[in-house]
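Analysis of the macromolecular model
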Amino acid sequence: MTTISDIAAKLGISKSTVSKALNNATDISAAMRKRVLEAAAEMGYISRKSYGAEKKLCILIENMDYETPNQFGHDIVQGFLQMAEADGWSVEVVPLTMEFQRLTPYGVFMLDHGYQAAFVLGFSLLDPWMQEFKTTQVPTVLYDNYIKNNPYIASVGCDNQEGIELAIKHLVGLGHKKIGLISGPLDSYILKARYRAYLGAMKKYKLEVNEDYIGLGYFVAESTRTYIPRLLEQGVTAILFSHDVRAFSAMTECSDRCIQVPRDLSIIGFDDLPMTAYTTPPLTTIRQDRIGLGRCGYFAINCLLGGLPIGSILLRAPLIIRDSTGPAPVE
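Let us look at the structure shown here. Quick caveat, the model's predicted, so the values are computed rather than measured.

Definitions and cut-offs
- Residues numbered from 1 in each chain as written.
- Predicted model: local features only at pLDDT ≥ 70, side-chain atom pairs only at ≥ 80, totals over all residues.
- Heavy atoms only, no water.
- Axes fitted to C-alpha atoms, helices over the stretch in contact; angles between N-to-C directions.
- Helix = DSSP H or I, 4+ residues; strand = E, 2+ residues; numbered from the N terminus.
- Parallel < 35°, antiparallel > 145°, perpendicular 65-115°, else oblique.
- Left-handed = near helix turned anticlockwise from the far one by under 90°.
- Contact = heavy atoms within 4.5 Å.
- Nonpolar A, V, L, I, M, F, W, Y, C, P; charged D, E, K, R; others polar.
- Expected span 1.5 Å × (residues − 1).
- Buried < 20%, exposed > 50% of the residue type's maximum accessible area, 1.4 Å probe, protein only.
- Polar contact = N/O pair within 3.5 Å; in protein donor to acceptor, adjacent residues only side chain to side chain.
- Phe/Tyr/Trp six-rings, centres within 6.5 Å; stacked < 30°, edge-to-face > 60°.
- Core = buried A, V, L, I, M, F, W, Y, C linked by side-chain atoms within 4.5 Å.
- Pairing = 2+ DSSP bridges.
- Right-handed = clockwise from strand over helix to strand, strands pointing away.

**Examining the packing of helix α10 (residues 220-233) against helix α11 (residues 244-256)**
- Two elements in contact, α10 and α11, have axes whose closest approach is 9 Å; the angle formed by their N-to-C orientations is 55°. Taken as axis vectors, α10 and α11 run oblique relative to one another. The hand of the α10/α11 crossing is right-handed. Judged by residue contacts, Val220, Ala221, Ser223, Thr224, Arg225 and Ile228 of α10 engage Val245, Arg246, Ser249, Ala250, Glu253 and Cys254 from α11.
- Residue classes in the contact of α10 with α11 are distributed as six nonpolar, three polar and three charged.

Right, dumping it as structure tokens:
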């Protein structure tokens, strides 16, 4: 393990200076402390306070709402807290921005706060810390992201391939042949995974894969407003959405355009948010067990802290059939 002496030797300073910097002494300049923390993080140093009397973990969140029960991240956080706090851990939930990540290296942040491990939610492939995760020695678990060849990193998520295949199979059984996809842009690991799963499922059921049946866009309402009429013009009779929120927007757009769901168009979401059972009509969707995902996040962290370098944990993704899907319209 890296020691204070190793850090001092690398920087050409005294061990006492390194110790003071690591312990936030008042007689060390901010520049020197930053220099020491960056070197310590790069060398994989684990401070005593990280393994002291207080057991500290953090949940790092970006681009995900989590404060109320109707929000996607709420149950993931609660599932994690249930397991971690029962084992005597103190857990801090830390909202992040890309700007903060640009200014503060991941290892420095973790070392500075004495966190032993992190559960990371909502990051895209564009986040600066995603690059640091490739080499970090801090035990870290990613939700809906994946880093290769780093034994300190694990991933949790649901089986997107299984869930989307179930959705396509359901639609094929209802007579649908032209099935579209509306998704966010492919700048996140999970949206790429669902896009590939859609293509794979379409090929599995010998359906036409046509780029004109696919709509990708950042803004939810704008995307549905653009792509719903465009896909219908192509003869699409059912659309799979990358998230329930996009499916909700599509149902509103269809109502505004006097398009009847599911008579004219079948719609399937992804997530099974609490309100999916109360839309008009109730939404067929692929379920993510968010409490289970949070618990798996803690289980994965526990494995990494115990020296067990696991890779990925995938939960089942069942299709919840409700009234937004129906027989394909008769041509």
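**Remarks on helix α8 (residues 160-173)**
- Spanning 14 residues, α8 covers 20 Å between terminal C-alpha atoms, matching the ideal 20 Å at 1.5 Å per step.
- When we look at burial in α8, the residues that qualify are Asn160, Gly163, Ile164, Glu165, Ala167, Ile168, His170 and Leu171.
- Where α8 begins, the capping side chain belongs to Asp159, and its oxygen is found 3.3 Å from the backbone nitrogen of Gln161.
- Phi turns positive, to about 95°, at Gly175, one or two residues after α8.

**Here we look at the packing of aromatic side chains**
- On inspection of all chains with the given rule, the structure shows eleven aromatic pairs.
- Arranged with centres 6.2 Å apart and planes meeting at 35°, the rings of Phe72 and Tyr143 form a pair that is tilted. Of this pair, Phe72 sits in helix α4 (residues 72-86) while Tyr143 sits in strand β4 (residues 140-143), placing them 71 residues apart in sequence. Taken as a pair, Phe72 and Tyr143 share a single burial class, namely buried.
- Ring plane angle 25° and centroid distance 6.1 Å describe the contact between Phe123 and Phe133, whose orientation is recorded as stacked. Here Phe123 is found in the loop between β3 (117-121) and α7 (128-132), whereas its partner Phe133 is found in the loop between α7 and β4, with ten residues between them in sequence. There is no split in this pair, since Phe123 and Phe133 are both buried.
- Three or more aromatic residues joined by ring pairs form one cluster here, namely Phe100, Tyr106, Phe109, Tyr115, Phe123, Trp129 and Phe133.

**Some remarks on the nonpolar core**
- Grouped together as the largest cluster of nonpolar side chains are 70 residues, with contacts concentrated most on Phe119, Tyr198 and Ile267.
- The leading source of residues in this core is helix α12 (residues 290-305), at seven residues.
- Ignoring any residue separated from it by four or fewer positions in sequence, one finds Ile267 in contact with Ile239, Phe241, Ala247, Ala250, Met251, Cys254, Val261, Leu283, Thr284, Ser324 and Thr325.
- The next biggest cluster of nonpolar side chains, apart from the first, holds 18 residues, and it includes Leu96, Tyr106, Phe109 and Val138.

**Looking at the pairing of strand β9 (residues 266-271)**
- The element β9 is extensively covered by neighbouring structure, given that six of its six residues are classed as buried.
- Sheet topology note: the strand β8 (residues 238-241)/β9 ladder contains three bridges and is parallel. Note that in β9 the partner of Ile239 across the bridge is Ile267.
- Read from β8 through α11 to β9, the crossover connection turns out right-handed.
- Sheet analysis places β9 next to strand β10 (residues 284-287), joined by four bridges and oriented parallel. Its bridge partner being in β10, Asp271 is matched across the sheet by Arg287.

**Description of the sheet that holds strand β2 (residues 90-95)**
- A sheet is described by the order of its strands in space; here six strands give the open sequence β2-β1-β3-β4-β5-β11, paired in parallel fashion. Of all the strands in the sheet, just β2 and β11 (312-315) have a single pairing partner and so form its edges. Shown here is a sheet whose adjacent strand axes are inclined to one another by a mean of 15°, direction ignored.
- Looking at chain direction, strand β5 (residues 153-158) and β11 are connected through four bridges and run parallel. Directly across from Val156, in β11, lies its bridge partner Ile313.
- Across the face of the sheet, helix α6 (residues 106-113) comes into contact with β1 (56-61), β2, β3 and β4 while running at roughly 140° to β1.

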